[in-house]
Amino acid sequence: MNNYDSFRQIWQAIAQGQNFFVAGHLNPDGDSLGCTLAVCSLLERLGKCAYAYASPAIGTDLLFLPGLEKIHVNELPPKPQFDTVILLECSDRKRGGNLESVLQNAKTLVNIDHHLVSDAYGHVNHIDSTASSTAEIIFQLFEASENNLLPTPDEATCLYTGLVTDTGRFLHTNTTAEALRVASALVALGADVNKINQVIYFTKSYTELKLLGRALEKMQLLFQKKYSQIVLTQADFEPLNAVPSQTQGIVSQPTMIPGVEVSALIKEEPDKVSVNLRSRNKIDVSSIAQKFGGGGHARAAGFKVTGKSVQTVADELAQAVQDVLSHAH
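Residues numbered from 1 in each chain as written. Predicted model: local features only at pLDDT ≥ 70, side-chain atom pairs only at ≥ 80, totals over all residues. Heavy atoms only, no water.

One simple way to see leftover space: roll a probe sized like a water molecule over the atoms. The calculated volume of the second largest pocket comes to roughly 290 Å³. Considering the residues around the second largest pocket, the lining is formed by 14 residues, among which Trp-11, Gln-12, Ala-144, Ser-145 and Glu-146 are closest to the centre. Here the residues of the lining of the second largest pocket sort into 8 nonpolar, 3 polar and 3 charged. (1 Å grid on protein atoms, 1.4 Å probe; cavity = no way out; pocket = protein on both sides within 12 Å on 5 of 7 lines; lining within 4 Å. Points joined across faces, edges and corners; volume = space filled by probe spheres on them. Nonpolar A, V, L, I, M, F, W, Y, C, P; charged D, E, K, R; others polar.)

Next up on the list: the packing of helix α4 (residues 134–143) against helix α5 (residues 153–166). Where α4 contacts α5, the two axes come as close as 8 Å, and the packing angle between them is 140°. One way to sum up the angle between α4 and α5 is to call them oblique. Within the contact between the two elements, α4 uses Ala-135, Glu-136, Ile-138, Phe-139 and Phe-142 and α5 uses Glu-155, Leu-159, Gly-162 and Leu-163. Residue composition of the contact of α4 with α5, by class: 6 nonpolar, 1 polar and 2 charged. (Axes fitted to C-alpha atoms, helices over the stretch in contact; angles between N-to-C directions. Helix = DSSP H or I, 4+ residues; strand = E, 2+ residues; numbered from the N terminus. Parallel < 35°, antiparallel > 145°, perpendicular 65-115°, else oblique. Contact = heavy atoms within 4.5 Å.)

A few words now on the environment of Gln-81. On the secondary structure map, Gln-81 appears in the loop between β3 (71–73) and β4 (84–88). Since its relative accessible area comes to 60%, Gln-81 is described here as exposed. (Buried < 20%, exposed > 50% of the residue type's maximum accessible area, 1.4 Å probe, protein only.)

Grouped together as the largest cluster of nonpolar side chains are 49 residues, with contacts concentrated most on Leu-33, Ile-86 and Leu-186. By residue number, the principal contributor to this core is helix α2 (residues 30–45), which donates 8 residues. Among all residues touching Ile-86, those that are not within four sequence positions of it are Phe-20, Phe-21, Val-22, Ala-23, Val-39, Leu-43, Val-110 and Ile-112. Among the nonpolar cores identified, the runner-up in size contains 25 residues, and Val-275, Phe-303, Val-313 and Leu-317 belong to it. (Core = buried A, V, L, I, M, F, W, Y, C linked by side-chain atoms within 4.5 Å.)

A few words on the sheet that holds β4. The 6 strands are arranged β3-β2-β1-β4-β5-β6 in an open sheet whose pairing can be described as parallel. On the outer flanks of this sheet lie β3 and β6 (124–127), each paired with one strand and no other. Averaged over neighbouring strand pairs, the angle between their axes works out to 20° when direction is ignored. By the bridge criterion, 3 bridges tie strand β2 (residues 49–54) to β3 in an arrangement that is parallel. Bridge assignment links Tyr-53 to a residue of β3, and that residue is His-72. Contacts from helix α1 (residues 3–16) reach β1 (19–23), β4, β5 (108–113) and β6, with the element oriented near 135° to β6. Here α4 sits on the sheet and contacts β4, β5 and β6; the angle it forms with β5, its principal contact strand, is near 120°. (Pairing = 2+ DSSP bridges.)

The subject of this paragraph is the state of the cysteines. If you walk through the whole model with that rule in mind, you get 0 disulfides. In this model Cys-35 remains outside any disulfide bridge; the closest cysteine sulfur is found in Cys-158, 8.9 Å from its own. The exposure class assigned to Cys-35 is buried, which follows from its relative accessible area of 1%. Unpaired in this structure, Cys-40 has its nearest cysteine sulfur neighbour in Cys-158, at a distance of 10 Å. In this structure Cys-40 comes out as buried when scored by relative accessible area, which is 5%. (Disulfide = S-S within 2.5 Å.)

Counted residue by residue, β5 has 5 buried out of 6 residues, so it is predominantly covered. Taken together, the 5 bridges between β4 and β5 define a ladder with parallel strand orientation. What sits directly across from Leu-88, in β5, is Ile-112. This β-α-β element, β4 to helix α3 (residues 100–105) to β5, shows right-handed connectivity. Sheet topology note: the β5/β6 ladder contains 4 bridges and is parallel. Residue pairing for β6: Asp-113 is matched across the bridge by Ile-127. (Right-handed = clockwise from strand over helix to strand, strands pointing away.)

Looking now at α2. An ideal rise of 1.5 Å per residue puts 22 Å on 16 residues; α2 measures up with 22 Å between its terminal C-alpha atoms. For α2, a buried count of 13 out of 16 residues is recorded, marking the element as mostly surrounded by other parts of the structure. Gly-47 sits one or two positions beyond α2 and adopts a positive phi of about 85°. (Expected span 1.5 Å × (residues − 1).)

What follows covers the packing of α5 against helix α7 (residues 193–201). Remark: α5 packs on α7, axes separated minimally by 10 Å, with the N-to-C direction vectors making an angle of 50°. Considering the angle they form, α5 stands oblique to α7. Here α5 runs over α7; the crossing is right-handed. Listed contacts from α7 to Thr-157, Tyr-160, Thr-161, Val-164 and Thr-165 of α5 are Val-193, Ile-196, Ile-200 and Tyr-201. A class-by-class count of the residues in the contact of α5 with α7 yields 6 nonpolar, 3 polar and no charged. (Left-handed = near helix turned anticlockwise from the far one by under 90°.)

And the structure:
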């Protein structure tokens, strides 16, 4: 199925539906949350009822997004009655959280995703791994509308946030000509680029900066300095009154070191160990994450583990990374 066919089917589902449930993945990032807000805003402009959902929490760096007050955080309706569900950036139907009560009653499930490994679990699926972000796909969906709908300035701000965060400020290898075309169009439509940059990239709390310092102190270089590993335990967070969600951006820092191919941030949380992975240019870290039940993109991926110590996870991950590096050319 080509893009045009799936876009046509999505617009058909929008035309036929009246009550919509829209959600991105758990712990929504800028792309997931930005797209959720933009899609809900679009549906409401079309006279539809839209229920926007996010779980379990929203990062403080995304609280500026327009329309955020419409998001139901961790709050599902007691008796879900939605004829259409739209899942964004969810590579499988569980990626959005415990949504079975919603999914079971839906007549139509629309799946829009840009992950390389993604299940076609929807009645309508638009999966494009060449897209830089789901925001890029949603803008293309606007363009595919019969009545030439365009994003409002607020919708453009939400979509640009998704695009700029998933491309790492247009620094990652997923920064294609199409990604830049869409970004340019969103700026022309009124995306508040200055606010997005100020809030997401030029605002850090005292605690976050101290935590960054602690993380860099603990950074280790392994395997001929091709692998950077940072392990943060509860003992690192507690003296700073910091929480694991305040580590955004830390995992990318070591990739600035010449020779580092893979960077890992391994965090001990109260109920699990969470791992973020980044690669510089050769290694597909999503394949490493998949070995631990996670996933993501070639240059950015992650996974979570329960029932193991942070050191055990670090050791097992180091072995997996060493295996991949030894076979890399």
